[in-house]
Amino acid sequence: MVRVAAVGDIHLSSDCRGLLRPSFETLPLCADVLLLAGDLTRHGTVPEAEVVAGEVRDLGVPVVAVLGNHDYHGEREADVTRVLTDAGVTVLEGESVILPVDGGKVGVAGVKGFCGGFAGRSAGEFGEREMKEFVRTSRRGAEGLHRALTGLSAGDCGARIALTHFAPVPDTLAGEPIEIYPFLGSYLLAEAIDEAGADLAVHGHAHLGTEHGMTAGGIRVRNVAQPVIGAAFALYHLPMVRPGGRREESRGTVVRAPA
C-alpha cells in the first residue's frame, strides 16, 4: 500500500504561521507522501508563500503541490513556486514526478487546471476572442495533465495519481450553488484522466463541495479542500502494483488527522 496524505485550500497568510505544522509533523508515522491541491496562500504573495514553506519544510515525507487560483492572484506565481521549491516542495504544472515508496514507485501528475463546466453544460471555443481564450486555457491544462499521466504510464509506476486544483467532475461539487459549477472545474480534466489512466484523482477549490466522486471511466476522485475534509489532511491508502503485477481495483480507505 501507498499512504497518500492530501489537503488543499489551506489559504495561509502571515497570521497562520505554525498553524498546520504540528499535524504535518505526524506525517512520517502515517503517510508516504503529502499532496497539496492548490490555494496554499490567500493572495498569492511571496510572504504568504514563505509561511507555507515553513509549514512543509523538512517533514520527512515528499511534498508535491499544484498552485490554485489564489496563488495566482498576486501575479507572482513564479515567485511562489520558487519559494516552495526552495523548501523542498515539488510544484507541478503539466509535469509529473515519480517517487520511490516501499520498494515501488508512485507517480504524481499535476496541473492547476481551469474552469469551463461539465459535459452538456460547458463553455464552447466559439465567438469572441476572450471566450475562445477562456476555453483554450482549460484545454491546455487538460492536455498538460494528459501528457504528464501518459508519461507515468510508461514509467512502471505502482500507483498513479492526478493532482489538480480545479475539479474534474461535478460529483465533488455537490453542496456548491449549481450556478457556479462552470467556474469550479472542467470535464476536460476528467477526459484526460480517463484516457491516460490513474488510480486516484485529487483536487480542491470547492469549499462547499463533497469529498467523494468518480469519473465516467470509474476513477475515484477526492475533493480534499480543507473546509470539506475538516482536518489538516485526509489519508488515502492505494494498492501498489509491483512490476509485472496485475492492477486490482481498490476503493482505499480514508483516515482523519486532527486540524
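Note that the structure is predicted; figures quoted are calculated from it, not measured. (Residues numbered from 1 in each chain as written. Predicted model: local features only at pLDDT ≥ 70, side-chain atom pairs only at ≥ 80, totals over all residues. Heavy atoms only, no water.)

## What to know about the overall build of the protein chain
Quick note on the threshold: Numbering goes from the N terminus for both helices and strands, where a helix is a DSSP run of H or I of at least four residues and a strand is a run of E of at least two. Atoms counted for the radius of gyration: C-alpha only. Globule rule: 2.2 Å times residue count to the power 0.38. For every residue, the accessible area obtained with a 1.4 Å probe (protein chains only) is divided by the maximum for its type, and the residue is called buried under 20%, exposed over 50%, and partly exposed between those limits. By definition in these notes, contact holds between two residues if any of their heavy atoms fall within 4.5 Å. Per-residue accessibility takes into account occlusion by the displayed protein chains alone, with areas from the Shrake-Rupley method and a 1.4 Å probe. Here Asp and Glu are counted as negative and Lys and Arg as positive; His is not counted, and neither are the chain ends. Where a charge lies is defined by one atom per residue type: Lys uses NZ, Arg uses CZ, Asp uses CG and Glu uses CD.
Per the secondary structure count, the protein chain includes 8 helices and 14 strands. Here the C-alpha radius of gyration of the protein chain, 17 Å, is about what a compact globule of 259 residues would show, namely 18 Å. Relative to its full complement of 259 residues, the protein chain shows a buried share of 54%. Pairs at least 24 residues apart make up 72% of the contacts formed inside the protein chain by residues separated by at least 6 positions. Here the protein chain has roughly 11200 Å² of accessible surface; of this, 53% comes from carbon and sulfur atoms. For the protein chain, the centre of its 24 positive side-chain charges and the centre of its 33 negative side-chain charges are spaced 4 Å apart.

## Thoughts on the pattern of salt bridges
Operational definition: One speaks of a salt bridge when a side-chain nitrogen belonging to Lys or Arg is within 4 Å of a carboxyl oxygen belonging to Asp or Glu.
According to the stated counting rule, one finds 7 salt bridges in the structure shown. The partner of Asp 32 in a salt bridge is Arg 3, and the shortest N-O contact between them spans 3.1 Å. Residue Asp 32 is found in the loop between helix H2 (27-30) and strand S2 (33-37), and its partner Arg 3 is found in strand S1 (residues 2-7); the two are separated by 29 residues along the sequence. Overall, Asp 32 belongs to the buried group, its relative accessible area being 18%. Between Arg 42 and Asp 15 there is a salt bridge, with the nearest N and O atoms lying 3.7 Å from each other.

## What about the nonpolar core?
Which entries qualify depends on this criterion: Definition of nonpolar core: a set of buried residues of the types Ala, Val, Leu, Ile, Met, Phe, Trp, Tyr and Cys, connected through side-chain atoms within 4.5 Å.
Among the nonpolar cores identified, the biggest contains 57 residues, and Phe 24, Leu 27, Leu 34, Leu 35 and Val 64 are the most heavily contacted of them. Top element by residues in this core is helix H3 (residues 46-56). It accounts for 6 residues.

## Remarks on the sheet that holds strand S11 (residues 212-214)
Quick reminder of the rule: DSSP calls a pair of strands paired once it identifies at least 2 bridges connecting them. Lines are fitted to the C-alpha atoms to define the axes, a helix being fitted only along its stretch in contact, and any angle between axes, read from their N-to-C directions, falls within 0 to 180 degrees.
Strands sit in the order S5-S6-S9-S10-S12-S11 across an open sheet of 6 strands; the sheet is mixed. Of all strands in the sheet, those bounded by a partner on one side alone are strand S5 (95-101) and S11. If you compare each strand with its neighbour and ignore which way they point, the axes differ by 25° on average. In the sheet, strand S6 (residues 104-111) pairs with strand S9 (residues 159-164) via 6 bridges, with the strands oriented parallel. Residue pairing across strands places Gly 107 opposite Arg 160, the latter belonging to S9. Strands S5, S6 and S9 of the sheet are contacted by helix H6 (residues 129-153), whose axis makes an angle of about 170° with S6.

## Regarding the environment of Glu 48
For the record, the criterion: The definition of a polar contact used here is a pair of N or O atoms within 3.5 Å, where within protein one atom must be able to donate a hydrogen and the other to accept one, and adjacent residues in sequence count solely through side-chain atom pairs.
Within the secondary structure, Glu 48 is located in helix H3. For Glu 48, a relative accessible area of 8% corresponds to the buried category. Along the backbone, Glu 48 and Asp 32 are 16 residues apart, and their C-alpha atoms lie at a distance of 26 Å. In contact with Glu 48, not counting residues within four places along its chain, are Leu 12, Ser 13, Thr 41, Arg 42 and His 43. Among the polar contacts made by the side chain of Glu 48, one reaches the main-chain amide nitrogen of Gly 44 at a distance of 3.2 Å.

## Thoughts on helix H5 (residues 77-86)
Here is the rule: Here, the arc refers to the directions that run from the helix axis to the C-beta atoms.
Those residues of H5 lying buried are Val 80, Val 83 and Leu 84. All buried residues of H5 lie within an arc of 95° about the axis, which places them on one face of the element. With respect to the buried face of H5, the exposed residues turned more than 90 degrees away are Ala 78 and Asp 86. Of the surrounding secondary structure, the elements contacted by the buried residues of H5 are H3, helix H4 (69-73) and strand S4 (90-91). Backbone geometry just after H5 places Gly 88 at a positive phi near 95°.

## Re the packing of aromatic side chains
Applied cut-off: Ring pairs are drawn from Phe, Tyr and Trp, using the six-membered ring of Trp, whenever the two centres fall within 6.5 Å, and their geometry is named by plane angle: stacked under 30 degrees, edge-to-face over 60, tilted for the rest. Distance and angle both matter: a charge sits over a ring if NZ of Lys or CZ of Arg is within 6 Å of the ring centre and within 35 degrees of the ring normal.
The final tally for this structure, using the stated rule, is 2 aromatic pairs. Stacked on the ring of Tyr 72, the Lys or Arg Lys 112 has its end atom at 5.0 Å from the ring centre.

## Observations concerning the packing of H6 against helix H7 (residues 187-196)
Condition: In this scheme, roughly parallel covers angles under 35 degrees and roughly antiparallel covers those over 145, while 65 to 115 is roughly perpendicular and the rest are oblique. Note: crossing handedness is left-handed where the near helix turns anticlockwise from the far helix by less than a right angle, and right-handed where it turns clockwise. Under this grouping Gly is polar, as are all residues other than the nonpolar Ala, Val, Leu, Ile, Met, Phe, Trp, Tyr, Cys and Pro and the charged Asp, Glu, Lys and Arg.
The N-to-C vectors of H6 and H7 enclose an angle of 15°; their axes lie 8 Å apart at closest approach. The orientation of H6 relative to H7 falls into the category roughly parallel. Between H6 and H7 lies a crossing whose hand is right-handed. Along its contact with H6, which presents Ser 138, Arg 139, Ala 142, Leu 145, His 146, Leu 149, Thr 150 and Ser 153, the element H7 presents Leu 188, Leu 189, Ala 192, Ile 193, Glu 195 and Ala 196. Of the residues contributing to the contact of H6 with H7, the split by class is 8 nonpolar, 4 polar and 2 charged.

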